[in-house]
Amino acid sequence: MQERRVTYGLNLRGMAGSLRKSMGFYVFLGFFSVFALLFVVLPLAVIFLSTEAEDLLKVAVDRNVISAIFMSVYTASLTTIISLIFGVPLAFLIARYRFPGRDVIDAIIDIPTLLPHTAAGIMVVSILGNRQPLGRILSSYGISFLDTFLGIVAAQLFLSFPYLVKSARDAFLKVDPNLEKAARTLGGGMFTIFFKIYLPLSMHAILTGAVLTWARAISEFGAVAVIAYTPYTAPVLVYETFVTKGLEATRPIVLLLVIITLAIFIFLRKLSKIEYE
Amino acid sequence: MLELKGISKSWEEFKLRNVNLKIYDGEYFVILGPTGAGKTLLLETIAGLHKPDEGEIWFEGRNITLTPPEHRKIGIVFQDYALFPHMTVRENILFGLRLKKIPRGEAEKRLHSMASMLKIEGILHRYPRTLSGGEKQRVALARALVLQPKLLLLDEPLSALDEEIRRSLWDELRSIHEKLGITTIHVTHDQTEAVALADRIGVMNQGSIVQVGTPQEVFRNPRTEFIARFTGFENIYEGHASESGGITMVKVGDVEIASTDTKRGKVKVCIRPEDITLYHERPDSSARNVFQGVISNVSDRGPLVRLKVRSKLEFIVLISKKSFVEMKLKTGSPVYLSFKASSVRLI
């Protein structure tokens, strides 16, 4: 007991010494961190402080605003679900198997995240536009992407799907390959191994990827505006209002968006934190 | 019976080269070899996790070379145990039973009899990360054995455990083996473990099985210098053997060593350090081989002491700590050493 107290005291003294020595470093860290934080905090603070509560309430009951926000949440959720259904198997293919072209596929998945978003929008229109081959076939069945919610989803999907694939891929890669071998010798086929071993062990990372995908999708403007300026999503409505009615009229909408997005995002983060214990 | 016929396989940096091996029903067979010898690859190939490049695997009269692992009735325990971290001990053990669609009642019965045999009833509700190494080991064994496999494969099952737990698990593995009568192949790099457990040993080096036999055969009569070294013949000298008066005399430099082996010509002389005895005075014994020397190095090995004795040759000698203390030996002590001609192996 006594010996313990002695070491404890020594440690404290050591810590104080090293604190003094690294003071300069903390000043350096603090200086740059405060500036970095200001970049984020200042715009948020200004929006909160410069908006009248009355104006906020007015836009909160505005039918156009509500339907744009609903359209954003609806399309981003749809995008996330489609990404999950198709992205998780693709991620598993890349993570688990070695085949010719695997590295190429791995690299291609990154491309959308590197493009300017308007360029991405042009690419989506080039496939799904009503006068393009695939778009023409689909529109003859009454499925049109120009200025419909399907177009919004297509644009969001192209840009946000990679986030899901990458987080799922990294999670699958982290699973100990001996678990798969053990499962096989215990009688498991590949379906069992995928659904009972890989998927549950990667669920946390996949859900985190889904939240990222959702966030990326709901904030997309450039690509969405190219293929489907209407029906308005929240980002397009903000742009439209700003261009036609000016800054003062737009601010309350932006504040409302910030509040709603934050609330949903925090909720999803909580949800994705549910882990197998 | 499990029979490997000319198995070759190349996988990552590991290789199997023309492995031929017969393992009999009910046998406890230990594959002994250094790290990188291909032991794990061999085991996983037997389990069906790798397809051999060449050769065939026969099991109970059937060619199972291409049978997928889930249909082989072979259980395996991995070196890192490979317990499913998101399942409780109970779920881990039931995993295979559920896949085999064993009815619930029967599955519960098997789970509990296995848990009681391996003394893990108390931890069934826990998750693997909360278990000690020894507990994980038992759970991995239970998970494999509960499916009543015809063959049990153990990949360095004890290498991650403390010395004390290892020794108690040796006894337990033997007693489980005897209770269930299950044919077992156990891979290890530890010669003491091999001797403690094996009915027969197969020594493996660079992807080949280089010698097969009972522990006595392998440890008394190593076939190559590699096996001799690996099984603890620490004194190995090159020499020339010829017959002289009904016994083999080997000229090593300017000394002669007597051996009861009958090999002639260029040989390797191999002597185990524990077969050498030390004396203060020239021994008046029947031993043919007596040398005078000086202790040049002492190192403590628990109950044993390892000495280097500089003589005309340098010898490594293992003696008990008790006799080391009684003889008041230390670095620089002059000693006589002797060993029987029957302890000298010629390769």
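For the structure, check the block above.
Here is a short report on the structure shown in this document. Computed from a prediction, not measured in an experiment: that's the story for all the values here. (Residues numbered from 1 in each chain as written. Chains lettered and ligands numbered in written order. Predicted model: local features only at pLDDT ≥ 70, side-chain atom pairs only at ≥ 80, totals over all residues. Heavy atoms only, no water.)

Here the focus is the overall build of chain B. Along the backbone of chain B there are nine helices and 20 strands. Projected onto the principal axes, the alpha-carbon positions of chain B cover approximately 75 × 45 × 35 Å. Counting only contacts in chain B whose residues sit at least 6 apart along the sequence, the fraction spanning at least 24 positions is 65%. When the accessible surface of chain B is totalled, it reaches about 16,000 Å², and 49% of it is carbon and sulfur. One finds the centroid of the 51 positive side-chain charges in chain B at a distance of 1 Å from the centroid of its 43 negative side-chain charges. (Helix = DSSP H or I, 4+ residues; strand = E, 2+ residues; numbered from the N terminus. Contact = heavy atoms within 4.5 Å. Areas by Shrake-Rupley, 256 points an atom, 1.4 Å probe, with all protein chains shown as cover. Lys, Arg positive; Asp, Glu negative; His and termini not counted. Charge placed at Lys NZ, Arg CZ, Asp CG, Glu CD.)

Turning our eyes to something else, we now look at the packing of helix H2 (residues 89–99) of chain B against helix H3 (residues 104–117) of chain B. Residues and elements named next belong to chain B. Between H2 and H3, whose axes approach to 10 Å, the crossing angle comes to 130°. Taken together, the axis directions place H2 and H3 in an arrangement best described as oblique. In this structure, the crossing between H2 and H3 has a hand that is right-handed. Contact residues: H2 offers Arg90, Ile93, Leu94 and Leu97, while H3 offers Ala107, Glu108, Arg110, Leu111 and His112. (Axes fitted to C-alpha atoms, helices over the stretch in contact; angles between N-to-C directions. Parallel < 35°, antiparallel > 145°, perpendicular 65-115°, else oblique. Left-handed = near helix turned anticlockwise from the far one by under 90°.)

Our next topic: the sheet that holds strand S12 (residues 247–252) of chain B. By way of backbone hydrogen bonds, the strands of a sheet pair with one another, either parallel or antiparallel. Residue and element names in this part refer to chain B. Reading across the sheet, the five strands line up as S13-S12-S11-S14-S20 and stay open at both edges, with antiparallel pairing between neighbours. The open sheet has two free edges, formed respectively by strand S13 (255–259) and strand S20 (345–346), since each of these has just one partner strand. Looking at chain direction, strand S11 (residues 235–244) and strand S14 (residues 265–271) are connected through seven bridges and run antiparallel. When the sheet's bridge partners are listed, histidine 240 is paired in S14 with lysine 266. (Pairing = 2+ DSSP bridges.)

Counting across every chain of the model gives 23 aromatic pairs over all chains. Ring plane angle 35° and centroid distance 5.8 Å describe the contact between Phe25(A) and Phe28(A), whose orientation is recorded as tilted. In this pair, Phe25(A) and Phe28(A) both sit in helix H2 (residues 23–50), three residues apart, roughly one turn of the helix. On the basis of relative accessibility, which here comes to 45%, the residue Phe25(A) falls in the partly exposed class. Overall, Phe28(A) belongs to the partly exposed group, its relative accessible area being 45%. Residues Tyr237(B) and Phe315(B) carry aromatic rings whose centres are separated by 5.6 Å and whose planes lie at 70° to one another, so their mutual orientation is edge-to-face. Here Tyr237(B) is found in strand S11, whereas its partner Phe315(B) is found in strand S18 (residues 314–320), with 78 residues between them in sequence. We classify Phe315(B) as buried; its relative accessible area is 0%. Taken together, the ring pairs in this structure connect Phe92(A), Tyr97(A), Phe172(A), Phe191(A), Phe194(A), Phe195(A) and Tyr198(A) into an aromatic cluster. When the ring centre of Phe84(B) is taken as reference, the NZ or CZ atom of Arg143(B) above it lies at 4.6 Å. (Phe/Tyr/Trp six-rings, centres within 6.5 Å; stacked < 30°, edge-to-face > 60°. Buried < 20%, exposed > 50% of the residue type's maximum accessible area, 1.4 Å probe, protein only. Lys NZ or Arg CZ within 6 Å of the ring centre and 35° of its normal.)

Taken together, the contacts link 19 residues of chain A with 25 residues of chain B. In this assembly, chain A packs against chain B so that about 1,900 Å² is buried in total across both faces, 67% of it on carbon and sulfur atoms. Three residues stand out in chain A for area buried against chain B, namely Lys181(A), Thr185(A) and Leu186(A), and they jointly supply 34% of the buried area on that side. Taken together, chain A and chain B are joined by two salt bridges. With its nearest N and O atoms 2.7 Å apart, the salt bridge here joins Lys181(A) to Glu44(B). Counting only elements with at least two residues in the side of chain A that touches chain B, the list comes to helix H10 (177–185) and helix H11 (190–218) of chain A. Here the side of chain A that touches chain B takes seven residues from H10(A), the largest share from any one element. When grouped by side-chain class, the residues that make up the side of chain A that touches chain B number eight nonpolar, six polar and five charged. (Buried area = accessible area lost by both parts, 1.4 Å probe. Salt bridge = Lys/Arg side-chain N within 4 Å of Asp/Glu carboxyl O. Nonpolar A, V, L, I, M, F, W, Y, C, P; charged D, E, K, R; others polar.)

Before going further, it helps to spend a moment on the layout of surface pockets. The calculated volume of the largest pocket comes to roughly 1,100 Å³. In this structure, the largest pocket is lined by 34 residues; those nearest its centre are Pro177(A), Lys181(A), Trp11(B), Glu44(B) and His50(B). Listed by contribution, the elements that provide at least two residues to the lining of the largest pocket are helix H4 (63–96), helix H9 (149–174), H10 and H11 of chain A together with strand S1 (2–11) and helix H1 (39–47) of chain B. When residues of the lining of the largest pocket are assigned to their parent elements, the largest contribution, five residues, is made by H10(A). A class-by-class count of the residues in the lining of the largest pocket yields 15 nonpolar, eight polar and 11 charged. Considered as a void within the structure, the second largest pocket measures approximately 510 Å³ in volume. Looking at the lining of the second largest pocket, the elements that each hand over two or more residues are helix H5 (163–180), helix H6 (191–197) and strand S17 (304–310) of chain B. (1 Å grid on protein atoms, 1.4 Å probe; cavity = no way out; pocket = protein on both sides within 12 Å on 5 of 7 lines; lining within 4 Å. Points joined across faces, edges and corners; volume = space filled by probe spheres on them.)

The next subject is a positive patch on the surface. A cluster of like positive charges, contributed by Lys196(A), Arg98(B), Lys101(B) and Arg104(B), occupies part of the molecular surface. Locating Lys101(B) in the fold gives a position in the loop between H2 and H3. (Patch = residues over 30% accessible without salt bridge, like charges linked within 9 Å, V, L, I, M, F, W, Y side chains within 5 Å.)

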